[in-house]
Structures are given as structure tokens and as C-alpha cells.
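# Fold and geometry: a report
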Amino acid sequence: MQPSSNSIIFRHSLSKALCHNVELVDYFLKKHKLDVKDDWIPTTKLIDCLFHVEEKIGSNTLKQIGSNIAIAALMNMPSNRSFNFFKNTLNDIYESNHQNLKSGFQIKNMNENYIINLSNNPYPLSFNKGLISQFSLSDISLNNVYQIAEQELFIEKVI
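Not measured: the values here are computed from a predicted model. (Residues numbered from 1 in each chain as written. Predicted model: local features only at pLDDT ≥ 70, side-chain atom pairs only at ≥ 80, totals over all residues. Heavy atoms only, no water.)

This part is about the side chain of N6. Along the chain, N6 falls in strand β1 (residues 4-6). Within the structure, the side chain of N6 is placed 3.1 Å from the backbone nitrogen of I8, a separation counted as a polar contact. Here the side chain of N6 touches I9 through a polar contact of 3.1 Å, landing on its backbone nitrogen. In this view, N6 contacts D39, W40 and N97; residues no more than four positions away in its chain are not counted. (Helix = DSSP H or I, 4+ residues; strand = E, 2+ residues; numbered from the N terminus. Polar contact = N/O pair within 3.5 Å; in protein donor to acceptor, adjacent residues only side chain to side chain. Contact = heavy atoms within 4.5 Å.)

On to the sheet that holds strand β5 (residues 113-117). The strands that make up a sheet pair up through hydrogen bonds in the backbone, lying either parallel or antiparallel. The strand order across the open sheet formed by 4 strands is β4-β5-β7-β6, and the pairing between neighbours is antiparallel. The open sheet has two edge strands, β4 (106-110) and β6 (143-149), and neither has a second partner. Adjacent strand axes in the sheet meet at a mean angle of 20° when their direction is disregarded. Pairing geometry for β6 and strand β7 (residues 152-157), over 6 bridges, is antiparallel. Opposite Q147, over in β7, you have L153 as the bridge partner. (Pairing = 2+ DSSP bridges. Axes fitted to C-alpha atoms, helices over the stretch in contact; angles between N-to-C directions.)

Bringing helix α2 (residues 22-31) into the picture now. All of the buried residues along α2 are V25, F28 and L29. End-on, the buried residues of α2 take up no more than an arc of 100°, which puts them together on one face. The outward face of α2, more than 90 degrees from its buried face, is lined by the exposed residues E23, K30 and K31. Where α2 is buried, its residues contact α1 (7-17) and α3 (43-56). Measuring from the backbone nitrogen of E23 back to the side-chain oxygen at the start of α2 gives 3.2 Å, which picks out N21 as the cap. Count one or two residues on from α2 and you reach K33, which has phi positive near 55°. (Buried < 20%, exposed > 50% of the residue type's maximum accessible area, 1.4 Å probe, protein only. Arc of directions from axis to C-beta.)

So, on to the pairing of β7. Note: β5 against β7, 4 bridges, orientation antiparallel. Considered in β7, the bridge of Y114 is made with I155. A loop of 2 residues connects β6 with β7, the two strands running antiparallel in sequence.

A word on the environment of K31. In this fold, K31 is placed in helix α2. Overall, K31 belongs to the exposed group, its relative accessible area being 51%. Remark: the alpha-carbon pair of K31 and H52, spanning 21 residues in sequence, is separated by 9.5 Å.

This part is about the packing of aromatic side chains. All told, the structure shown has 2 aromatic pairs when counted by the stated rule. With centroids separated by 5.0 Å and ring planes inclined at 70°, the aromatic side chains of Y27 and F28 adopt a geometry described as edge-to-face. Judged by relative accessible area, F28 falls into the buried class, the value being 1%. Both rings, one in Y123 and one in F127, keep their centres 4.9 Å apart while their planes meet at 20°; by these two values the pair is stacked. Here Y123 matches F127 in class, with each residue buried. (Phe/Tyr/Trp six-rings, centres within 6.5 Å; stacked < 30°, edge-to-face > 60°.)

Limitation: the analysis is restricted to geometry and does not speak to function.
Given below as C-alpha cells:
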């Protein structure tokens, strides 16, 4: 069985990032044969769609889609998370929004900071930057997110 992703969260996040432009949203969904009436859509098609969005509209829009998905994923999370959220919860959220796809983030603890390796994560880097940045902003501490290598992000705890 091929990996699949939550279609409701994706469609909502895509629509919001494209300023609810129905024609544009439908163009990308139809182009990549994504039927959002299904609860789960093939992850490979979703990823192809994301790369296409990045190519046609830009990496900032892709980053916004990632941020929107993080907001939707956090809706059911407790609001009293600590910075250990990255260590203990990030892959749980990833796995709960996918089928047949395991941990997408390799997380290394460095004192109160983290390095997130994305080399096993199939999603575009701009998308992951938006996702991680939003998770960081929604945490109860203040964090900076830096790209330190082609497939690595550094999460620095500020407060």
C-alpha cells in the first residue's frame, strides 16, 4: 500500500495559501489528480503538487502551505507544550497525518536546541521550513529557525 496524506488539511492549507482562489486551487488539484473528496490522497501526488506550486508560484507560497498545515495539525494539541515538543511530538503528528509513512524528521537534541535532519522527509524544503517555523512559533517558548545545511534546520531556543 502506498503512503497517503490527510486530504482535508492539505486542501484547506493550499486554499488559504492561494488566498482562496478557487480556480487556482482547482487547477493544481486537477493537474495532479488529487481527489480531495477522499480522506486520504497519495503522498507522492501531493508532493508533486507542492513542487509544482513552488515552481509556478514560489517558495514563499509553499512555506505558507507548510505553516497552514502546522496550524491545522496543532488544533488538537494541548496548549501547554514545552520545547520538548520537537523531540517528543513532531513525528507523532507527522505519522497521524499520513498512512504507511513513518517518521519524517530525524531530531538531534543539542542542550536546549535541536537540529532537524530532513533527508528522509519527502517534502520540499520550503514546505518543511514553513511547517517547522509554525510549530516553533506555536510553542510556549520563543525559537529561531535557521537552515544550516541543505537538508538540516537548526531550532534555537531564545526564551
